[in-house]
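Chain by chain, the residues:
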Amino acid sequence: MGNKQTIFTDEQLDAYQVILTKPIVVFVGFFSPSRLHGRYHELAPHLVPMDYTKDPDCKLPLALIVNMPELKENPFRNRIVESFSEDGMGNLSFNEFVDMFSVLSEMAPRELKAIYAFKIYDFNVDNYLCKEDLEKTLNKLTKEELTPEEVQLVCEKAIEEADLDGDNKLSFADFENMISRAPDFLSTFHIRI
Amino acid sequence: NFGGGVQSYFLLLRFLVLLNLVSFLLIAGFVVIPSIVLRAVHSSPANHTGPEECMKYDPNPQGLVAFYNYVLDFLSGMGFMEYSYLFYGYYSNTLVGDRNFSYNIPLAYLFTVVFYFAFCLICIMAMGTAARIAVATGGSAAGNYSMIVFTGWDYGCLGDRATKLKQKNIHYRLQVDLEEQLMKERAASLTLSQKVVLYTLRIFLGFVALGLIGAACFSIFEATVFSQGILGLILEYLPSIVITAGNFLVPLLCEQIALVERYRPSTTVILALLSVFLRLVSLGVLLFTLWGQIKCQVDLEKCDLCQYNHEEYPCWETRVGQEMYKLTLFDLIVTIGALVLVEFPRMLVDNWSNKVARWVGRQEFVVSANVLNLVDGQTVVWTGALFCPLLPLINTAKFVILFYCKKVTLFANCRPALKTFRSTTSNFFFLMVLLFGWAMATLVMIYSVAIHPSMGCGPFRFFPYMWAIVPMSFYRLSEVTQDFLFFVGSQAFSVPLFALS
């Protein structure tokens with residue numbers, strides 16, 4: 001460590017190397033906790049402490065996080081942040097912040113990305129992608145340039161293609177099956193930070 | 001951002017620019033620069049001459065020439081431009097060089113052209129294999145709605161403009177698939193009588209399309225015959241005008257026909273691609289007519305003296321070169337003219353009034369038509385390379401201008417074309433079409449090499465046919481070299497060589 005400011009204790013650093021909490025694995029290969037911390041800190045310098053050795057309980061609100069340049073133009077930015085927050089309202093602690101960017105990094109495995117993609121597209125958080133969820137997704141994708149009939153048609157077709165158990169909505173298994181056949185899912189579900 | 005098809009177009013354009021530039025450097029290095037730099041030292045390798053009548057060739061006009069004549073000459077390749085390094089007729093048929101070193105211009109000319117064709121073929125094959133790999137491995141299954149919805153968005157997309165373009169991209173991908181879907185459903189839901197009516201209509205319109213193509217070919221034939229005897233710029237350009245008009249109108253009509261018949265978009269696309277045959281066929285008709293005139297299909301006695309029509313074509317290779325030159329130039333003028341006169345006002349209209357724009361229809365960058373233009377232009381250059389050595393250079397400049405013009409058009413005016421291509425297969429298809437054009441140009445070259453060169457001009461002045469220079473030069477080499485070359489060509493050497501490679 002030398003003369004670097006001690007932001008994290010050694011134990012915390014070890015913990016950040018490979019943490020297996022819930023289904024999240026943190027990959028520190030491409031970015032160090034210190035760098036991410038720097039980004040987290042600059043979102044709200046007066047709120048975020050420089051010293052994390054005492055495990056402070058600090059959460060940043062949704063409004064601050066979606067202003068990051070990597071997320072600002074993304075039509076799904078609100079849903080992304082909400083999916084990673086414990087309270088579902090978009091308030092991220094530093095741990096959750098790191099989780100978010102590690103899942104969206106190149107090194108996260110496909111299964112993990114699929115889990116979070118499912119959460120992001122599930123607007124009403126009922127663990128199923130129903131027609132309303134798809135409609136909202138589609139509108140965000142095309143910036144509402146499709147006519148309502150076209151939206152209906154595309155949503156029906158999409159559900160028809162992916163629905164395996166025939167309940168007219170997509171469960172996680174359906175979603176994951178469909179994603180496994182998409183060749184460029186890994187490269188598109190990726191934010192570089 | 002505008003779809004894979006547009007990217008293919010610009011890739012193809014870039015490839016062609018490079019190809020033309022390298023070919024020009026080749027030709028310049030082996031033919032033009034030695035001709036300019038070195039002076040003739042020996043007399044012609046062929047020691048016989050022809051009848052006095054056939055050798056008369058006087059391209060330079062007598063007396064005072066008005067200034068506007070220079071402009072006319074520049075556009076038609078006659079006058080001061082005719083007897084210049086631009087055309088075949090200027091190159092000497094002698095050896096050039098200085099005391100210790102001699103360089104056989106006719107041989108170099110022939111070999112350079114042959115090598116140029118081989119080089120172009122190799123380049124096209126190389127691009128083709130690369131494109132074919134892309135077809136085999138890549139290319140997501142577009143048309144799959146759930147894929148587009150859930151994996152279409154690139155999360156790494158940064159910036160307002162990139163985001164907007166991505167959204168437009170997804171929007172029209174969905175629209176294309178929806179359109180195809182609707183067409184399929186409509187086609188499936190026809191009753192028997194409706195189907196009969198539809199098929200009859202299709203057959204009838206097929207005949208109409210064939211008739212249109214036939215009429216176009218006939219008018220090209222007539223225009224070429226008519227323009228050969230008389231001077232005047234419009235008449236000079238008549239074949240080019242008719243070809244360009246035909247290339248423009250017939251696909252347009254076919255498209256309207258296709259709309260009437262309510263074909264699926266992919267069928268319309270195939271129809272658009274079939275118009276490449278129309279373009280190459282029109283070029284073929286032009287050449288066929290020209291040669292008909294040169295070889296006197298009409299008045300047989302004119303060709304008795306020199307085996308070609310020496311009265312109207314004292315230097316027929318230059319004439320053919322001029323036609324190709326005019327075609328290239330006219331294509332460029334029309335493209336720039338269309339850009340300035342048609343697309344620019346449309347852009348202004350779009351920006352001012354949305355309602356009028358909706359009525360006229362936003363500009364689309366139609367990939368197929370543009371690619372066919374490129375292939376057509378390149379085929380003209382290949383056909384004319386034997387007769388107009390500087391044509392690849394002109395074509396390089398033309399394509400560079402075209403590149404920047406189209407780029408400006410694309411970003412300022414257009415929205416992405418609705419009827420879009422699957423880019424991976426289209427890359428491959430465009431190269432196939434280019435190959436077809438190359439094959440046609442090669443046929444033309446082989447035919448030209450085999451008929452009697454004109455006696456008034458050019459490097460092959462007194463040979464019975466162009467290829468005759470090769471045996472003649474071969475026997476002038478020293479004994480040792482001759483034996484070595486015989487050995488290399490013999491079976492004892494070449495068979496093991498093929499086995500090893």
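Throughout this description, residue numbers start from 1 for each chain and increase along the sequence as written. Naming scheme: in the order in which they are written, chains are lettered from A and ligands are numbered from 1. Per-residue local features are limited, in this predicted model, to residues with pLDDT of at least 70; the limit for side-chain atom pairs, both in listing and counting, is 80 or more; totals at the level of whole chains, interfaces and linings are taken over all residues. With hydrogens and water set aside, each side-chain value is computed from the structure's full complement of heavy atoms.

**A closer look at the overall build of chain B**
Helix and strand labels come from DSSP, where a helix needs a run of H or I of at least four residues and a strand needs a run of E of at least two; each type is numbered from the N terminus. Scanning chain B for helices and strands turns up 17 helices and two strands. Contacts between residues were defined by any pair of non-hydrogen atoms, one from each residue, lying within 4.5 Å. For chain B, the share of sequence-separated contacts (at least 6 apart) that also reach a separation of at least 24 residues comes to 78%. For chain B, the exposed surface amounts to about 25000 Å²; the carbon and sulfur share of it is 69%. To measure how exposed things are, a 1.4 Å probe is used in the Shrake-Rupley method; for residues, cover is taken only from the protein chains shown.

**Here's the deal with the overall build of chain A**
Along the backbone of chain A there are 11 helices and four strands. Restricting to contacts in chain A with at least 6 residues of sequence separation, those with at least 24 account for 57%.

**Structural notes on the side chain of B:Gln378**
All names here are of chain B. Residue placement: Gln 378 occurs in helix H12 (residues 367-384). N or O atoms within 3.5 Å of each other form a polar contact, as long as, within protein, one can give a hydrogen and the other can take it, and as long as residues adjacent in sequence are counted only when both atoms are side-chain atoms. Of note is the side chain of Gln 378, whose polar atom sits 2.9 Å from the side chain of Asn 20. Once you skip the residues sitting within four places of it in the chain, Gln 378 turns out to touch Leu 16, Asn 20, Tyr 116, Asn 395, Phe 399 and Leu 434.

**Examining the interface of chain B and chain A**
Residue-level contacts link 26 residues of chain B with 40 residues of chain A. For the chain B and chain A pair, buried surface summed over both sides reaches about 2900 Å², with 68% attributable to carbon and sulfur atoms. Here, a salt bridge means any side-chain nitrogen of Lys or Arg that lies within 4 Å of a carboxyl oxygen of Asp or Glu. Inspection of the chain B/chain A interface yields zero salt bridges. At the boundary of chain B with chain A, the tally comes to one residue pair in polar contact (both at pLDDT 80 or more). Taken together, the elements giving at least two residues each to the side of chain B that touches chain A come down to helix H4 (145-151) and helix H5 (160-188) of chain B. In terms of residue count, H5(B) provides more of the side of chain B that touches chain A than any other element does, 10 residues in total. By convention, the term buried area covers the 1.4 Å-probe accessible surface removed from two parts as they join, with the contributions of both added.

**Thoughts on the UniProt feature "domain: EF-hand" (unreviewed entry) in chain A**
All names here are of chain A. UniProt positions are given in the numbering used here, feature names are shortened, and annotations may be inferred rather than shown by experiment. The positions UniProt marks with the feature "domain: EF-hand" (unreviewed entry) are residues 109-144 and 150-185. Secondary structure content for residues 109-144 is 67% helix and 0% strand, while the C-alpha to C-alpha distance between its ends is 32 Å. Each end of residues 150-185 is marked by a C-alpha atom, and these two atoms are 24 Å apart; helix forms 64% of the span and strand 0%.

**Let's talk about the nonpolar core**
Most often, soluble globular proteins keep nonpolar side chains buried together rather than apart. All names here are of chain B. What we call a nonpolar core is a set of buried Ala, Val, Leu, Ile, Met, Phe, Trp, Tyr and Cys residues that are connected through their side-chain atoms within 4.5 Å. Only protein chains enter the area calculation, which uses a 1.4 Å probe; residues under 20% of their type maximum are buried, those over 50% are exposed, and those in between are partly exposed. Core analysis: the biggest nonpolar cluster contains 89 residues, and Trp 316 and Trp 382 have the highest contact counts within it. Sort the elements by how many residues they give to this core and helix H1 (residues 4-37) lands first, with 14 residues. Other than its neighbours up to four places away in sequence, Trp 316 contacts Trp 291, Ile 294, Tyr 308, Phe 387, Ser 448, Ile 451, His 452, Pro 453 and Ser 454.

**A closer look at the pattern of salt bridges**
Between side chains of opposite charge, a pair can form as their charged atoms come close. All names here are of chain A. Summed over the entire model, instances satisfying the criterion amount to nine salt bridges over all chains. When the shortest N-O distance is used, the salt bridge between Arg 39 and Glu 42 registers 3.1 Å. Note that Arg 39 and Glu 42 are positioned in helix H2 (residues 33-43) at a spacing of three residues, about one turn of the helix. Judged by its relative accessible area of 49%, Glu 42 is partly exposed. In this structure, Lys 131 and Glu 156 form a salt bridge, with 3.8 Å as the shortest nitrogen-oxygen distance. Residue Lys 131 is found in helix H8 (residues 131-142), and its partner Glu 156 is found in helix H9 (residues 148-162); the two are separated by 25 residues along the sequence.

**Describing the packing of helix H5 (residues 77-84) of chain A against helix H7 (residues 110-121) of chain A**
All names here are of chain A. A fitted line through C-alpha atoms represents every axis, and for helices the fit uses only the stretch in contact; the resulting angles, taken between N-to-C directions, go from 0 to 180 degrees. The interhelical angle for the contact between H5 and H7, taken along N-to-C directions, is 120°, at an axis separation of 8 Å. Classed by the angle they form, the pair H5 and H7 counts as oblique. By crossing handedness, the relation of H5 to H7 is classed as right-handed. Packed against H5, whose contacting residues are Arg 79, Ile 80, Ser 83 and Phe 84, the element H7 presents Tyr 116, Lys 119 and Ile 120 at the interface. Residue polarity is assigned by list, with Asp, Glu, Lys and Arg as charged and Ala, Val, Leu, Ile, Met, Phe, Trp, Tyr, Cys and Pro as nonpolar; anything else, Gly included, falls into the polar class. Here the contact of H5 with H7 is built from residues that sort into four nonpolar, one polar and two charged. In this scheme, roughly parallel covers angles under 35 degrees and roughly antiparallel covers those over 145, while 65 to 115 is roughly perpendicular and the rest are oblique. In this scheme, a crossing is called left-handed if the near helix is turned counterclockwise away from the far one by less than a right angle; it is called right-handed if the turn is clockwise.

**Regarding the packing of aromatic side chains**
For this analysis, a ring pair means two rings from Phe, Tyr or Trp (six-membered ring only for Trp) whose centres lie within 6.5 Å, classed as stacked if their planes differ by under 30 degrees, edge-to-face if by over 60, and tilted for the remaining angles. All chains considered together, the criterion is met by 22 aromatic pairs over all chains. Judged by centre distance (5.4 Å) and plane angle (85°), the rings of B:Trp291 and B:Tyr447 are edge-to-face. Here B:Trp291 is found in helix H9 (residues 265-294), whereas its partner B:Tyr447 is found in helix H14 (residues 423-450), with 156 residues between them in sequence. We classify B:Tyr447 as partly exposed; its relative accessible area is 39%. What links up through ring pairs into an aromatic cluster is the set A:Phe76, A:Phe118, A:Tyr121, A:Phe172, A:Phe175 and B:Phe150.

**Section: the environment of B:Gly79**
Residue and element names in this part refer to chain B. Relative to the assigned elements, Gly 79 resides in the loop between helix H2 (67-76) and strand E1 (95-97). With a relative accessible area of 10%, Gly 79 lands in the buried category. C-alpha separation for the pair Gly 79 and Asn 69, spaced 10 residues apart in sequence, amounts to 8.2 Å.

**Quick notes on the packing of H8(A) against H9(A)**
Residues and elements named next belong to chain A. Relative orientation of the contacting elements H8 and H9 amounts to 120°, with a least axis distance of 10 Å. Looking at the two axes, H8 sits oblique to H9. Note that H8 runs across H9; the crossing there is right-handed. Contacts between H8 and H9 involve Lys 131, Leu 134, Glu 135, Leu 138 and Asn 139 on the former and, on the latter, Val 151, Gln 152, Val 154, Cys 155, Glu 156, Ala 158 and Ile 159.

**Focus on helix H15 (residues 469-476) of chain B**
Residue and element names in this part refer to chain B. Within the sequence span of H15, burial applies to Ile 469, Val 470, Ser 473 and Phe 474. Each buried residue of H15 sits inside an arc of 130° when the element is viewed along its axis, so together they form one side. Among the exposed residues of H15, those oriented more than 90 degrees off its buried face are Tyr 475 and Arg 476. To be clear, the arc concerns the directions from the helix axis to the C-beta atoms.

**Here we look at unusual backbone geometry**
Residue and element names in this part refer to chain A. At Val 125, a residue that is not glycine, the phi angle is positive and equals roughly 50°. Along the chain, Val 125 falls in the loop between H7 and H8. Phi at Asn 168 is positive, roughly 65°, even though this residue is not glycine. Take Asn 168: it is sitting in the loop between H9 and helix H10 (172-180).

**Some details on the confidence of the model for chain B**
Detailed reading of the predicted coordinates is not advisable wherever pLDDT is low. All names here are of chain B. Per-residue confidence from the prediction method is given by pLDDT, with values spanning 0 to 100. Residues of chain B with pLDDT of at least 70 account for 71%, and the chain-wide mean is 74. For chain B, the element scoring lowest by mean pLDDT is helix H11 (residues 354-360), at 57; helix H13 (residues 391-412) scores highest, at 86. Every residue in residues 135-143 is under pLDDT 50, and counting partners more than four places away or in other chains gives 11 contacts.

**Let's talk about the confidence of the model for chain A**
Taken over all residues, the pLDDT of chain A has a mean of 78, while the share at 70 or more is 81%. Long-range and interchain partners of residues 17-30 of chain A, a stretch whose pLDDT sits below 50, account for 26 contacts in this model, where long-range means more than four residues apart.

**Notes on the environment of B:Trp382**
Residues and elements named next belong to chain B. Here Trp 382 is to be found in helix H12. With relative accessibility at 0%, the residue Trp 382 sits in the buried group. A sequence separation of 265 residues divides Trp 382 from Phe 117, and the C-alpha atoms of the two residues are 7.8 Å apart.

**Comments concerning a nonpolar patch on the surface**
Residue and element names in this part refer to chain B. Residues forming no salt bridge and having over 30% relative accessible area are the ones grouped into patches, like charges within 9 Å of each other and nonpolar side chains (Val, Leu, Ile, Met, Phe, Trp, Tyr) within 5 Å. Together, Leu 477, Phe 484, Leu 485, Phe 487, Phe 493 and Leu 497 make up a nonpolar patch on the protein surface, roughly 550 Å² of accessible area in all. Looking at the nonpolar patch, the elements that each hand over two or more residues are helix H16 (479-489) and helix H17 (491-500). With respect to the element layout, Leu 497 can be found in helix H17. Owing to a relative accessible area of 48%, Leu 497 belongs among the partly exposed residues under this scheme.

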